[in-house]
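Residue-level structural notes
Letter by letter, the chains look like this.
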Amino acid sequence: MSTDSRNARLFARAQQVIPGGVNSPVRAFRAVGGVPRFIARAEGAYMIDADGRRYIDYIGSWGPMILGHGHPAVLEAVQQAAREGLSYGAPTEREVELAEAILAHVPSMEMLRLVSSGTEAAMSALRLARGATGRSRIIKFEGCYHGHADALLVKAGSGLATFGHPTSAGVPAEVVQHTLVLEYNNLAQIEEAFALHGRDLACVMIEPIAGNMNFVRASVPFMTRLRELCTQHGALLVFDEVMTGFRVGLGSAQAHYAKLIPGFAPDMSVFGKVIGGGMPLAAFGGKRAVMEQLAPLGPVYQAGTLSGNPVATACGLATLKEIAKPGFYEALAQRTRELVDGLVGAAKAAGVPMVGDCEGGMFGFFFAGELPQNYASVLATDKERFNRFFHAMLESGVYFAPALYEAGFVSAAHGAAEIGATVEAAARALRA
Ligand code: KE4
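Residues numbered from 1 in each chain as written. Predicted model: local features only at pLDDT ≥ 70, side-chain atom pairs only at ≥ 80, totals over all residues. Heavy atoms only, no water.

1. Looking at the site of the ligand
Lining the immediate surroundings of the ligand are 16 residues, of which Ser24, Thr119, Asn212, Asp240 and Glu406 lie closest. Separating a nitrogen atom of the ligand from a side-chain N or O atom of glutamate 406 is a distance of 2.7 Å. Bound to the protein, the ligand loses 85% of the 540 Å² it would expose on its own. Looking at side-chain class alone, the shell around the ligand contains five nonpolar, seven polar and four charged residues. If you count residues domain by domain, the shell around the ligand takes at least three from each of domain 1 (6-70 + 326-431) and domain 2 (72-323). (Near = heavy atom within 4 Å. Polar contact = N/O pair within 3.5 Å; in protein donor to acceptor, adjacent residues only side chain to side chain. Areas by Shrake-Rupley, 256 points an atom, 1.4 Å probe, with all protein chains shown as cover. Nonpolar A, V, L, I, M, F, W, Y, C, P; charged D, E, K, R; others polar. Domains from an automatic or database assignment.)

2. Some remarks on empty space enclosed by the protein
The final tally for this structure, using the stated rule, is two cavities of 30 Å³ or more. Asn214, Phe363, Gly364, Phe365, Phe386, Phe400, Ala401, Ala403, Glu406, Ala407 and Gly408 are the residues that line the largest cavity. A total of three residues in the lining of the largest cavity trace back to one element, the largest contributor, which is strand β16 (residues 362-366). Each pocket or cavity is described by its volume, and for the second largest cavity that value is around 50 Å³. Lining the second largest cavity are Gly44, Ala45, Asp57, Gly60, Met65, Gly68, His69, Arg247, Phe409, Val410, Ser411 and His414. When its residues are assigned to classes, the lining of the second largest cavity shows four nonpolar, six polar and two charged. (1 Å grid on protein atoms, 1.4 Å probe; cavity = no way out; pocket = protein on both sides within 12 Å on 5 of 7 lines; lining within 4 Å. Points joined across faces, edges and corners; volume = space filled by probe spheres on them. Helix = DSSP H or I, 4+ residues; strand = E, 2+ residues; numbered from the N terminus.)

3. A few points about the sheet that holds strand β1 (residues 39-43)
Pairing between the strands of a sheet is mediated by backbone hydrogen bonds and can be parallel or antiparallel. One open sheet accounts for four strands, arranged β1-β2-β3-β17; its pairing is mixed. Of all strands in the sheet, those with a lone pairing partner are β1 and β17 (398-399), marking the two edges. Relative to strand β2 (residues 46-49), β1 runs antiparallel, the two being bridged by four bridges. For glutamate 43, the partnering residue across the bridge sits in β2 and is tyrosine 46. (Pairing = 2+ DSSP bridges.)

4. Some words on the layout of surface pockets
By volume, the second largest pocket is sized at about 530 Å³. As for the second largest pocket, its lining consists of 23 residues, and the residues nearest its centre are Glu95, Ala99, Leu112, Arg113 and Leu114. Among the secondary structure elements, those contributing two or more residues to the lining of the second largest pocket are α3 (93-105) and β4 (111-115). Per-element accounting of the lining of the second largest pocket gives the leading share, five residues, to α3. Among the residues forming the lining of the second largest pocket, the class breakdown is 13 nonpolar, five polar and five charged.

5. Brief notes about helix α2 (residues 72-84)
An α-helix turns once every 3.6 residues. As a result, residues three or four positions apart point the same way. With 13 residues, α2 should reach 18 Å at 1.5 Å per residue; the first-to-last C-alpha distance of 18 Å fits that figure. Taken together, the buried positions of α2 are Val74, Val78 and Ala81. Each buried residue of α2 sits inside an arc of 65° when the element is viewed along its axis, so together they form one side. Opposite the buried face of α2, at more than 90 degrees from it, the exposed residues are Pro72 and Arg83. In this structure, the buried side of α2 is in contact with α3 and α10 (310-323). (Expected span 1.5 Å × (residues − 1). Buried < 20%, exposed > 50% of the residue type's maximum accessible area, 1.4 Å probe, protein only. Arc of directions from axis to C-beta. Contact = heavy atoms within 4.5 Å.)

6. Side note on α3
The terminal C-alpha atoms of α3 lie 19 Å apart, and with 13 residues this matches the ideal 18 Å at 1.5 Å per residue to within 8%. Taken together, the buried positions of α3 are Arg94, Glu95, Leu98, Ala99 and Ile102. Along the long axis of α3, the arc covered by the buried residues comes to 140°, so they all point the same way. Exposed positions of α3 whose direction lies more than 90 degrees from the buried face are Glu93, Glu100 and Ala104.

7. What about the domain arrangement of the chain?
On domain assignment, one finds that the chain holds domain 1 (6-70 + 326-431) and domain 2 (72-323). With centres defined by C-alpha atoms, the gap from domain 1 to domain 2 works out at 25 Å. The partner domain 2 presents 31 residues to the 31 residues of domain 1 that form the contact. It is Tyr329, Glu359 and Met362 in domain 1 that bury the most area against domain 2; as a group they hold 24% of the surface buried on that side. At the junction of domain 1 and domain 2, the tally comes to two salt bridges. Residues aspartate 357 and arginine 217 are paired through a salt bridge, measuring 2.7 Å at the closest nitrogen-oxygen approach. Run the count over domain 1 and domain 2 and you get 14 residue pairs in polar contact (both at pLDDT 80 or more). Broken down by secondary-structure element, the contributors of at least two residues to the side of domain 1 that touches domain 2 are α11 (328-349), β15 (355-359), β16 and α12 (375-379). With five residues, the top contributor of residues to the side of domain 1 that touches domain 2 is β16. Along the lines of polarity and charge, the residues of the side of domain 1 that touches domain 2 split into 21 nonpolar, seven polar and three charged. (Buried area = accessible area lost by both parts, 1.4 Å probe. Salt bridge = Lys/Arg side-chain N within 4 Å of Asp/Glu carboxyl O.)

8. With respect to the pattern of salt bridges
Across all of its chains, the model carries 17 salt bridges by this definition. With its nearest N and O atoms 3.3 Å apart, the salt bridge here joins arginine 37 to glutamate 395. Taken as a pair, arginine 37 in the loop between α1 (6-17) and β1 and glutamate 395 in helix α13 (residues 383-395) lie far apart in primary sequence, 358 residues in all. Residue class for glutamate 395 comes out partly exposed when judged on its relative accessible area of 47%. Of the charged contacts, one joins glutamate 84 and arginine 94 as a salt bridge, the two residues approaching to 2.9 Å between their closest N and O atoms. Of the two residues, glutamate 84 sits in helix α2 while arginine 94 sits in helix α3, which places them 10 residues apart along the sequence. Each of Arg37, Arg53 and Glu395 takes part in one network of salt bridges that share partners.

Structure representation (structure tokens):
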């Protein structure tokens, strides 16, 4: 990109006043190199950058924009809500409507609380799990991201007997001393961890389909056993569905696993992204007995000035109304499958090892011979080729996630033309 482009000038200016020039690290393109695109506006399946260049958007704000940008019903709902009032700091009917609409599609939850970000929802769910069980220890999995709350910024210790080490400066070791980090899909490790610590475990937090490792599914045997061990030891199984929630299906990932594992359900769930439709809104929920431990009823404190914000709830409600319409997910899943099959087919024709997977409107691809099952195997895929492919596609007007370990997202606005153009651009890029 030439240095006199508006993007380059904006990036230089942004770096003077905002660390890294961005308000969230992944946007800085540091994993792939190059100059991030400053987006001026978006419409349908497209984003337009500061230099006026159009991109087919497979980020979708990292998941929320499942309808595409600028859906008329969503815009109308948001504009009407804004005219009525931006924020009250008092309860509104729309919060009740949104809670009811979410619970209608997530039978594992009897109650929920609305918050403003996935981090806040996961952090609050963690505190609630600890408060409800009276236990401090937790398990998470390497490669899963649950937002940037201190207790969750942790990497594996030297063994199952030792607890985590911080992944970020500023997180005291004491804060993560109760967090055990295990390998995703590793049955032997969860058996050993529960044998050692089961009676002290408040919860296990997991991304059921790990979109923060690009796209890695929890295996059915692993998820089956995890559910059994949590039940056996009285630990809560917390599904972080911030990314998968209402993205992989109307029942989210938990409905997918309930089809594969009879009677399966998590004890608590965390949502975000799609339920806000692009506005700051997230939620956590579970059974009444657990949720009623929350203030003002119970001893677990949690609060938020903008929680259940009237404009954000209008956006979320309008989005949920559209995605609940018959046939929505069938059409979305078909488009996404066409994309993944097209990319993998183009790679095969070019003699390039590529694998891909998708569920609903969420997908991932790796330059590798087989689908990774855990974080170490994701990191072993061909990162250099991924980064070259990312830039070749960006130059062709296709905006994939600017990092090997991120998932991609298709919206209802992505039509055959967008999928076809993407696959053609990929064929050119992979032959180069
Ligand atoms: P937020 O605090 O960013 O709203 O949500 C945190 C979070 C929690 N749980 C899961 C499974 C998530 O994927 C996220 C956030 N996802 C990233 C993308 N991998 C957001 C993008 C960013 O950090 O800028």
